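Listed below, chain by chain, are the residues.
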Amino acid sequence: MRDLVQHIVVVGAGVIGSAIALKAQERGARVTLVDAGAARASDASFGWINASFYLSEDHFRLRSEGLEAYRRLSRDLDLPLTRAGCLSWEFAGEELARVHGELTGLGYPVERVDAARMADLEPALQGAPEEGLLFQTEAVAEPAALVRALGAAALARGARAIRGVAVTGLVMSGDRVSGVDTTAGRIEADMVVVAAGTASEAVLRSAGIALPMLPRPAYILETPPRPRMLNRVLATTGGEVRQRADGVIVMPTSAAHQRDDAAALEDAPGEAADAALARLQEVLPQAGRDWAQVRLAHRPMPADGLPVIGAAAPGVYAATMHSGLTLAAITGELAAQEICEGPSNTSTAMLAQFRPQRFA
Ligand SMILES: Cc1cc2nc3c(=O)[nH]c(=O)nc-3n(C[C@H](O)[C@H](O)[C@H](O)COP(=O)(O)OP(=O)(O)OC[C@H]3O[C@@H](n4cnc5c(N)ncnc54)[C@H](O)[C@@H]3O)c2cc1C
């Protein structure tokens with residue numbers, strides 16, 4: 001007799017695959033995570049969880065629900081996440097007023113703050129502009145620790161993980177995906193979830209499914225530990241920056257990195273880090289000019305910049321996106337529900353713009 005419990009193979013144990021594995025296991029599936037041990041975007045992420053950046057109203061709603069989903073997840077798990085908020089002056093003048101108006105219209109908690117309030121909120125700032133935006137509800141996760149916490153919770157609930165093994169292709173039985181071939185043999189599955197970050201395109205292509213992705217490399221720097229000087233994420237005109245609990249300052253080297261659409265990095269890592277810290281000097285001199293580490297990582301960016309979440313063909317579900325830290329908790333909830341029980345009105349409404357079929 002066929003096992004009534006669905007066996008789900010999740011390809012990729014980054015933040016997205018781990019969140020889906022956890023939620024699918026909680027819904028009663030039997031989950032196997034398969035991970036190649038390749039470099040992960042999740043480990044290099046800046047870790048900012050926000051909905052103040054978005055590309056469409058549906059994208060805003062999904063990101064906004066992403067913040068709520070972390071609240072729900074935090075009730076069950078001790079997550080490495082703080083709700084420190086963000087102070088932004090990426091925009092000025094009319095542009096700032098427009099962004100404030102749009103976000104207020106969407107019901108997002110945003111406050112216009114003057115220079116005195118900004119100095120109050122972040123006393124280490126020097127030479128900050130006259131006005132900024134305060135996003136009190138935004139959060140920060142320590143990305144690598146978050147992936148570990150999600151993976152450990154999935155395993156504690158009965159999921160299994162196979163690590164150091166790469167999926168080489170999807171297995172077809174008739175017109176249905178029925179498992180994966182790996183560097184260590186075949187694994188059969190009722191459903192395969194492709195959450196392999198930048199490698200999702202190649203894994204899906206093995207079954208003739210198109211998920212075009214853009215090259216979006218990025219550097220992210222870390223300083224040596226510094227005395228405490230920042231209370232929240234700062235989105236400055238020179239870049240986004242935050243300080244970890246251990247004092248280390250973290251900063252993607254490109255300014256406005258969420259909007260960064262460069263297909264190649266022009267500077268060498270050291271030059272890019274020097275330039276980013278020089279820009280930071282203008283507002284946060286205490287940060288210093290020394291960096292301890294620069295990491296190159298690749299953002300998993302579908303060709304239109306929007307997330308891909310949904311059934312891609314019979315037996316296979318795709319979940320690949322940039323802003324995956326922001327979207328992991330909500331993706332875990334919605335994808336697990338669709339995989340285990342089928343789409344609901346809520347998931348259909350929330351994910352309509354993000355289905356993989358738009359690239360077919
Ligand atoms: C510098 C930088 C800063 C960022 N900052 C933010 C931010 O502040 N906020 C935010 O929301 N997002 C941010 N992002 C984006 C975010 O980090 C990613 O969207 C997210 O980490 C993607 O997670 P993932 O699980 O899809 O992919 P990954 O973390 O890349 O994980 C993919 C996994 O798949 C595995 N894998 C790959 N190929 C195979 C295979 N063939 N078989 C088996 N396993 C395989 C890999 O080993 C890996 O573990 C940032 C990204 C970068 C690079």
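Note that this is a predicted model, so its numbers are computed, not measured.

Every one of the 37 residues lining the ligand counts as a neighbour, but Asp35, Ser42, Val167, Gly324 and Thr326 are closest to it. Note that an oxygen atom of the ligand is positioned 3.2 Å from one of the side-chain N or O atoms of Ser45. Contacts to the ligand include Phe46, whose backbone N or O atom sits 3.1 Å from a nitrogen atom. For the ligand, whose accessible area on its own is 1000 Å², the fraction buried by protein is 97%. Listed by contribution, the elements that provide at least two residues to the shell around the ligand are α1 (15-26), β2 (30-35), α2 (41-44) and α9 (324-341). In terms of residue class, the shell around the ligand is built from 22 nonpolar, twelve polar and three charged. No fewer than three residues from each of domain 1 (7-45 + 144-214 + 303-359) and domain 2 (86-136 + 217-298) sit in the shell around the ligand.

Spatial strand order, β9-β2-β1-β13-β22-β21: six strands in an open sheet with mixed pairing. The sheet is open, and its two borders are formed by β9 (160-163) and β21 (308-313), each paired with just one other strand. Strand-to-strand twist across the sheet, computed as the mean angle between neighbouring axes with direction ignored, equals 20°. Here strand β1 (residues 7-11) runs beside β2; their pairing, made up of five bridges, is parallel.

Across the sheet, three strands lie side by side as β3-β8-β4; this open sheet has antiparallel pairing. Edge positions in the open sheet fall to β3 (48-49) and β4 (81-82), since each of these has one partner strand only. Two elements, β4 and strand β8 (residues 139-141), share two bridges in a ladder whose sense is antiparallel. Residue pairing for β8: Leu81 is matched across the bridge by Ala141.

This paragraph deals with unusual backbone geometry. Positive phi is not limited to glycine here, since Ser323 has a value of about 55°. Here Ser323 shows up in the loop between β22 (316-320) and α9.

This part is about the nonpolar core. Membership of the largest hydrophobic core comes to 73 residues, with the highest contact counts inside it found for Ile8, Leu62, Tyr70 and Leu150. Among the elements that make up this core, the one with the highest residue count is α9 (nine residues). Shared between two domains, this core holds at least three residues of each, these being domain 1 (7-45 + 144-214 + 303-359) and domain 2 (86-136 + 217-298). Not counting the four nearest positions on each side in its chain, Leu62 is found in contact with Pro307, Ile309, Leu327, Ile330, Leu334, Met350, Leu351 and Phe354.

Rules used throughout
- Residues numbered from 1 in each chain as written.
- Predicted model: local features only at pLDDT ≥ 70, side-chain atom pairs only at ≥ 80, totals over all residues.
- Heavy atoms only, no water.
- Near = heavy atom within 4 Å.
- Polar contact = N/O pair within 3.5 Å; in protein donor to acceptor, adjacent residues only side chain to side chain.
- Areas by Shrake-Rupley, 256 points an atom, 1.4 Å probe, with all protein chains shown as cover.
- Helix = DSSP H or I, 4+ residues; strand = E, 2+ residues; numbered from the N terminus.
- Nonpolar A, V, L, I, M, F, W, Y, C, P; charged D, E, K, R; others polar.
- Domains from an automatic or database assignment.
- Pairing = 2+ DSSP bridges.
- Axes fitted to C-alpha atoms, helices over the stretch in contact; angles between N-to-C directions.
- Core = buried A, V, L, I, M, F, W, Y, C linked by side-chain atoms within 4.5 Å.
- Buried < 20%, exposed > 50% of the residue type's maximum accessible area, 1.4 Å probe, protein only.
- Contact = heavy atoms within 4.5 Å.

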